[in-house]
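Summary of the model geometry
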Amino acid sequence: MWRTNLKILALTLGVLAFYTMIANVIPQLQSEVPAALDLTSNASPEALVAAGEKIYNGAGGCTACHGLGTRAPNMLTDYAGQGPIGARCGTREKGVDCKAYLYESMTQPTKFVVSGFEPIMPDMRRQLSEDQIWATVAYLESQGGEVTVTADDIKKTAPAPAAGGGGSVPPGGVAVTSTMDPVALYNEKGCVGCHQLDGKGGQVGPSFDHMGARLKADYIRRGILTPNADTAKGFEKFAGTMPQTFGQMLSAAQLEALVQFLANRK
Amino acid sequence: MTEPSLVALLQAAADTAGAYGRFPGIGARGAVWIAAEVHLMFAAFVLGVPMFAVVTELIGIVGKDARYDKLSKEFTRLLVFAYSATALWGGLLLFLVTTLYPRFWTHMARVFSLSMWIYAGLFFIESFTLYLYYYGWDRWKVGRAKWGHFGLGILLNIWGTTVMFIANGWLTYMMSPPTGVTAETLPEKVGLWNAIANATWMPINIHRLIANAVFGGAIVAAYAAYRFLAATTDEERAHYDWMGYVGNFIAISTFIVLPFAGYWLGREIYQYNQQMGITMMGGFMSWLWIVQAVLIGVLFLAANYYLWTGMGRIPGAERFTKYTKWMLTLLVVCWIVWATPHTMIASREELAAMGGAHHPFLNVLGVMSAKNTAVNLMILTTFLSFLLYRRANTRPTVAWAKTGTLVQGAMFVLAAGVVLFYGIYGYFVEAIVRIGFSVYQVAAVLLCIISVTVIDVFIGRGAESRGEIQWGKMPDRSQYALFVLAVTFTWLMGLMGFARSGIRQHWHIWEVMRDTSVDAATPALGFAARMISTCVLIFLSLVAFIFWLGTLAEHAVAKRGATHELPAGVPAGVPPGLPASAPGD
């Protein structure tokens, strides 16, 4: 019977290995979380376009419909002899300029539907933040047209901050703010209690000033997520005191914003 | 503020703010993934098997055939062990979710608390009904008591189905919360029934109900295959050959209708949210359907192979063996078409040579028109295999038998013609029109299956036998096909679970609660496949252990001389007690 058992085991493992192999040799597409942006101040048109291109081709999911041109018009190629979207967007709706039309298309998609297509476009405000939407608009404008989106547009449409520091309290009572401002995060998440920034804050942990000159981004990220992995020289007596919960207190985008901010403080 | 008090304050704030816990090694997502998947596999088994256990018992009562009753009892014996495993994995899942995803759990509990209490209560009632059903088998085996016992089996199914429907309410709320529920909505304001009766609840209920029967049948068939290979007497081999056949019959016959429930679910997902539907079919998950095609192709081939091999034990079946190679060819061609991807991953030079991402020839096969045609033809071919198996040892005696058979043949030709016509016509119309064609193709196949079966039942009335089926006269290799089916069905369940859960992407609850954990990104298929294989391996190992426990108990009973407890009990020789033809005659 042992021979039979071994045969069954081998067959089972072989079948599992076959399916696992098939799934590993096909293209590996991962659904990314839309990266939060911080474009509210001094964002150049180039930065907006670059950010928008990433959203359009990635987490925004735009190409699933607009890339084929069957479910929705292709944005990047000519349509009905009118050129790509940046060239044709200003003439779609009477009295509505390109920027307004594109913004409206993403936030009120059923208001104007191109003839021959179904009203299947979702309101992108449920998926993307205002700055992500404006960055996408800038990218689409750049496709055959002039980029007119500015940081002021983002400020105008950004939701008013809620009382108590702009955070929302989701079900469960956990405060999760939407801010991407690293300085705001520094104060809000309690980093100020232990780390100095611009001469302010506690001295329980290493100063944030010039941190980028001493440490690389990967090391900083690890330090936030698993603070007890290493102990900074001179702070041995405080080893183990940093909370290990910043991975949960910060969204992935907030964490990244903070890491890049610190890594750039040379 | 002193340093220690500041640190303590920060730590306290951090602890209360924790939306996610940590799990060593495989992470929180991995831990919950495994617990949920293995729990679900056991749950599918314990919900699927009672369905056909009670049907088999009814056949035994009505037909006054004790062998069906014993078969039904043997199905149920497997349940007793599997129930404990289901509960244990369910408990583990609960602890993992509450400790690793406390924010999410708080939201769910605030919406669904009442249904959770009812769920727990029903689980108790279901468990006790099962114990009564199994342990009362021999006590209530005649007269009115037997019907009472059968009633317990019905109740067991009602409790189990209700429990599943409640749990489906929770998971479908995560993927399709009622319109109007937003991140700002207080959970208490969602409304329990409003949350449960969401857009995908009933399609999932029906899909899972059918899938559970498929899964239960496949696992029972694998159990029978194992016992067949381990059998030491002809009687045992005959019994487990028959049991394997019944399990496989249930799995495949219910599996054939599963895609129709899948279409309904897919349509509801599209109607609920186009973007979610597109993510599922045309977005990052589009390659998942290629993997699914590979698996279902294996299922079709293994199931047909088992039937064709089984015809070797049926007197009179040899007249049909000449068709086998044609059916095999058709199945393989359709499988290849179905598994052809639409877009190719190629180097820059290859892309330039092809003139784009679409291969000039394969592109034609990689679209839905070709795939729908292929899968419908595979269903028709498998149904034909079953029909030939069923007719193998009979000689119809009704006067209109020849005409009836011609009509049956015409129904096959007509159905295949409709499938091919709309498959080809689909290339010449807009996508929005083409989508509707699949309904016509499916309707033609369903109509063929139903009408041909009805005709066959009447043709078979009073038919002469060409000789009794030689149960037990099966080559060992046929039993390995049953193992392939069980492993593949289990893997397919894991894959479809990933598809259903993964289309939420970075949302715990679609557009209501974001996943802000380190695992928020939905992984690629390669990672998912490794997780699925791990879950399948854990599940099958535990199932093997449960099967072994069953045989252990059986040996102990046999040693005590309580032979009436043995499951087989089939008379010697060519088992006269076993049916001379296939179920459904």
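Residues numbered from 1 in each chain as written. Chains lettered and ligands numbered in written order. Predicted model: local features only at pLDDT ≥ 70, side-chain atom pairs only at ≥ 80, totals over all residues. Heavy atoms only, no water.

The number of helices and strands found in chain A is 12 helices and 2 strands. Within chain A, buried positions represent 44% of all 266 residues. Intrachain contacts of chain A at a sequence separation of at least 6 include 51% that bridge at least 24 residues. (Helix = DSSP H or I, 4+ residues; strand = E, 2+ residues; numbered from the N terminus. Buried < 20%, exposed > 50% of the residue type's maximum accessible area, 1.4 Å probe, protein only. Contact = heavy atoms within 4.5 Å.)

What follows concerns the overall build of chain B. Within chain B, the secondary structure is distributed over 18 helices and 4 strands. Residues counted as buried form 57% of the 585 residues belonging to chain B. Accessible area for chain B stands at about 24300 Å²; split by element, carbon and sulfur atoms hold 70% of it. (Areas by Shrake-Rupley, 256 points an atom, 1.4 Å probe, with all protein chains shown as cover.)

The next thing to look at is the side chain of N372 of chain B. Residue and element names in this part refer to chain B. Position of N372 among the secondary structure elements: in helix α14 (residues 368-391). The exposure class of N372 is buried, given its relative accessible area of 11%. What N372 contacts, discounting residues up to four positions off in sequence, is Y263, S438 and Q441.

The next thing to look at is helix α5 (residues 98-107) of chain A. Residues and elements named next belong to chain A. Where burial is concerned, most of α5 is hidden: 9 out of the 10 residues are buried. Turning to α5, its buried residues number three or more, namely C98, K99, Y101, L102, Y103, E104, S105, M106 and T107. Turning to α5, the residues buried within the fold contact α4 (85-88), α6 (130-141) and α7 (151-157).

Here we take up the nonpolar core. Ranked by size, the top nonpolar core spans 185 residues in total, and within it F489 and W491 of chain B carry the most contacts. Among the elements that line this core, the one with the most residues is helix α2 (residues 27-62) of chain B, at 18 residues. If we ignore the near neighbours within four places in the chain, the residues touching F489 of chain B are V214, F215, A218, A251, I252, F255 and L299 of chain B. With 29 residues, the next largest nonpolar core counts A43, L48, Y101 and W134 of chain A among its residues. (Core = buried A, V, L, I, M, F, W, Y, C linked by side-chain atoms within 4.5 Å.)

What follows is about a nonpolar patch on the surface. Taken together, V364, L420, F421, I424, Y425, Y427 and F428 of chain B make up a surface patch of nonpolar side chains, about 710 Å² in accessible area. Taking relative accessible area as the criterion, L420 of chain B reaches 41% and is therefore assigned partly exposed. (Patch = residues over 30% accessible without salt bridge, like charges linked within 9 Å, V, L, I, M, F, W, Y side chains within 5 Å. Salt bridge = Lys/Arg side-chain N within 4 Å of Asp/Glu carboxyl O.)

Another aspect to go through is the pattern of salt bridges. Per the stated rule, a full pass over the model turns up 15 salt bridges over all chains. R265 of chain A is the partner of D209 of chain A in a salt bridge, and the nearest nitrogen-oxygen pair spans 3.2 Å. Note that D209 of chain A is positioned in the loop between α8 (182-188) and α9 (211-214) and R265 of chain A in the segment after α12 (252-263), a separation of 56 residues in sequence. For D209 of chain A, a relative accessible area of 15% translates into the label buried. With its nearest N and O atoms 3.5 Å apart, the salt bridge here joins R395 of chain B to E464 of chain B. Taken as a pair, R395 of chain B in strand β1 (residues 394-395) and E464 of chain B in strand β2 (residues 464-465) lie far apart in primary sequence, 69 residues in all. The class for R395 of chain B is partly exposed, based on a relative accessible area of 37%. Each member of the salt-bridge network shares a partner with another, and the members are D198, D209 and R265 of chain A.

Let us now look at the side chain of D153 of chain A. Relative to the helices and strands, D153 of chain A resides in helix α7. A distance of 3.0 Å separates polar atoms of two side chains, one belonging to D153 of chain A and the other to K99 of chain A. (Polar contact = N/O pair within 3.5 Å; in protein donor to acceptor, adjacent residues only side chain to side chain.)

The next thing to look at is the packing of aromatic side chains. All names here are of chain B. Inspection of the entire model under this criterion finds 41 aromatic pairs over all chains. The interplanar angle of 70° and the centroid separation of 4.8 Å between the aromatic rings of F42 and F539 together place this pair among those described as edge-to-face. Taken as a pair, F42 in helix α2 and F539 in helix α18 (residues 525-559) lie far apart in primary sequence, 497 residues in all. Here F42 and F539 have matching classes, each one buried. Between Y245 and F249, the ring centres sit 6.3 Å apart and the planes meet at 25°, which makes this aromatic pair stacked. Of this pair, Y245 and F249 both sit in helix α8 (residues 234-272), 4 residues apart, which is roughly one turn of that helix. Look at F249 and you get partly exposed, because its relative accessible area is 22%. What links up through ring pairs into an aromatic cluster is the set Y245, F249, F386, Y389 and W471. (Phe/Tyr/Trp six-rings, centres within 6.5 Å; stacked < 30°, edge-to-face > 60°.)

Now for the confidence of the model for chain B. Residue and element names in this part refer to chain B. Per-chain confidence: chain B averages 86 in pLDDT, with 89% of residues scoring 70 or above. This stretch, residues 1-16, has a pLDDT under 50; its non-local contacts, to residues over four places away or in other chains, come to 15 contacts. Across the assembled chains, the prediction reports ipTM 0.87 with pTM 0.75. (pLDDT = per-residue confidence, 0-100.)

Let us look at the packing of helix α4 (residues 102-135) of chain B against helix α5 (residues 143-175) of chain B. All names here are of chain B. One can describe the packing of α4 onto α5 by two numbers: an axis separation of 9 Å at closest approach and a directional angle of 165°. With respect to α5, the axis of α4 lies roughly antiparallel. Relative to α5, α4 is oriented so that their crossing is left-handed. When its residues are assigned to classes, the contact of α4 with α5 shows 23 nonpolar, 8 polar and 1 charged. (Axes fitted to C-alpha atoms, helices over the stretch in contact; angles between N-to-C directions. Parallel < 35°, antiparallel > 145°, perpendicular 65-115°, else oblique. Left-handed = near helix turned anticlockwise from the far one by under 90°. Nonpolar A, V, L, I, M, F, W, Y, C, P; charged D, E, K, R; others polar.)

To continue, consider the environment of V190 of chain B. Residue and element names in this part refer to chain B. With respect to the element layout, V190 can be found in the loop between α5 and α6 (192-196). Among the residues examined, V190 registers a relative accessible area of 5% and is labelled buried. Considering only alpha carbons, one finds V190 and G409, 219 residues apart in sequence, at a separation of 54 Å. Setting aside chain neighbours within four positions, we find V190 in contact with V111, Y173, V181, T185 and A195.

Moving on, we get to the packing of α8 of chain B against helix α9 (residues 274-281) of chain B. All names here are of chain B. Packing of α8 against α9 leaves a shortest axis separation of 5 Å and a crossing angle of 135°. Between α8 and α9, the crossing angle belongs to the class labelled oblique. Packed against α8, whose contacting residues are G266, I269, Y270 and Y272, the element α9 presents Q274, M276, G277, I278, M280 and M281 at the interface. Considering only residue class, the contact of α8 with α9 consists of 7 nonpolar, 3 polar and no charged.

Within the secondary structure layout, A28 of chain B lies in helix α2. With residues up to four places along the chain from it excluded, the contact list for A28 of chain B reads G21, F23, L100, Y101 and D519 of chain B.

Residue and element names in this part refer to chain A. Residue position: V149 is located in the loop between α6 and α7. The class of V149 is buried, set by a relative accessible area of 3%. For V149 and P73, which are 76 residues apart along the polypeptide, the C-alpha to C-alpha distance reads 22 Å. Residue contacts for V149: discarding those within four places in its chain leaves L48, K99, W134, V137, A138 and E141.

Let us now look at the state of the cysteines. Residues and elements named next belong to chain A. Counted under the stated rule, the structure contains 1 disulfide over all chains. Put simply, C89 and C98 are joined by a disulfide, and their sulfur atoms are 1.9 Å apart. Residues C89 and C98 are joined through a disulfide that is left-handed, its torsion about the S-S bond being -85°. Residue C89 is classed as buried on the basis of its relative accessible area, which comes to 0%. (Disulfide = S-S within 2.5 Å.)

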